[in-house]
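# Residue-level structure breakdown
The residues making up each chain are set out below.
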Amino acid sequence: MKTARRDELVSIQQDIQTEFAEQQVEKLLNVLVDKNENGHAVGRAAFDAPEIDCVVHLLQDLPAGLLVRAKVIAADFLDLIADANPETVQAKLEEESQI
C-alpha cells in the first residue's frame, strides 16, 4: 500500500515537472554550467538544485563555472535543452522588446 501511494505521488510530481519544463520552452534563462558531457555543457537554472533537480543541456561546449544567458529550445521529459549562442539570445531579446 505504501509503495503504491508513493508511486502515485511520484507520478503526479513528474507530470507537474514535465509541464513546467514544457512551459520554459522559448524563454531566456540564466544557466550556470556545472560540467561538460559528450561535447556540450550541462548546467542548471536558478530554480534547479544541484544533483537533485533536472538539468539544462546547452548546445555549446562551455567551461564549468560559466554563467550564461540561454534560450530554451526544447524540453526533454524533465530536462531542458538550450542555446547559449549570443545571436540566438539577442534575437529573443529583440523579439521580447517588440511585444
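### Re the overall build of the protein
Along the protein, the regular secondary structure elements total 2 helices and 5 strands. Helices and strands appear in the protein in the N-to-C order α-β-β-β-β-β-α. Each of the three principal axes of the protein carries a C-alpha extent, and together these read 55 × 35 × 20 Å. Of the contacts formed within the protein by residues at least 6 apart in sequence, a portion of 49% connects residues at least 24 apart. Carbon together with sulfur atoms contributes 53% to the accessible area of the protein, which is approximately 6,500 Å² in total. Counting 9 positive and 19 negative side-chain charges, the protein places the centres of these two groups 7 Å from one another.

### Considerations on the pairing of strand E5 (residues 79–83)
Where strand E3 (residues 56–58) and E5 come together, 3 bridges link them in parallel fashion. Note that in E5 the partner of His57 across the bridge is Ile81. Here strand E4 (residues 67–76) runs beside E5; their pairing, made up of 5 bridges, is antiparallel. Across the sheet, the residue bridging to Val72 is Ala82, located in E5. Following E4, the chain reverses through 2 residues before pairing antiparallel with E5; Phe77 in that reversal takes a positive phi of roughly 60°.

### Thoughts on the pairing of strand E2 (residues 40–45)
The element E2 is extensively covered by neighbouring structure, given that 5 of its 6 residues are classed as buried. As judged from the 6 bridges shared by strand E1 (residues 28–37) and E2, these two strands associate in the antiparallel manner. Each bridged residue has a counterpart across the sheet, and for Leu32 the counterpart in E2 is Arg44. Two successive antiparallel strands, E1 and E2, enclose a turn made up of 2 residues, where Asn38 displays a positive phi of approximately 50°. Here E2 pairs with E3 via 2 bridges, running antiparallel. Counted as the bridge partner of Val42 is His57 from E3.

Quick notes on the rules
Residues numbered from 1 in each chain as written. Predicted model: local features only at pLDDT ≥ 70, side-chain atom pairs only at ≥ 80, totals over all residues. Heavy atoms only, no water. Helix = DSSP H or I, 4+ residues; strand = E, 2+ residues; numbered from the N terminus. Contact = heavy atoms within 4.5 Å. Areas by Shrake-Rupley, 256 points an atom, 1.4 Å probe, with all protein chains shown as cover. Lys, Arg positive; Asp, Glu negative; His and termini not counted. Charge placed at Lys NZ, Arg CZ, Asp CG, Glu CD. Pairing = 2+ DSSP bridges. Buried < 20%, exposed > 50% of the residue type's maximum accessible area, 1.4 Å probe, protein only.

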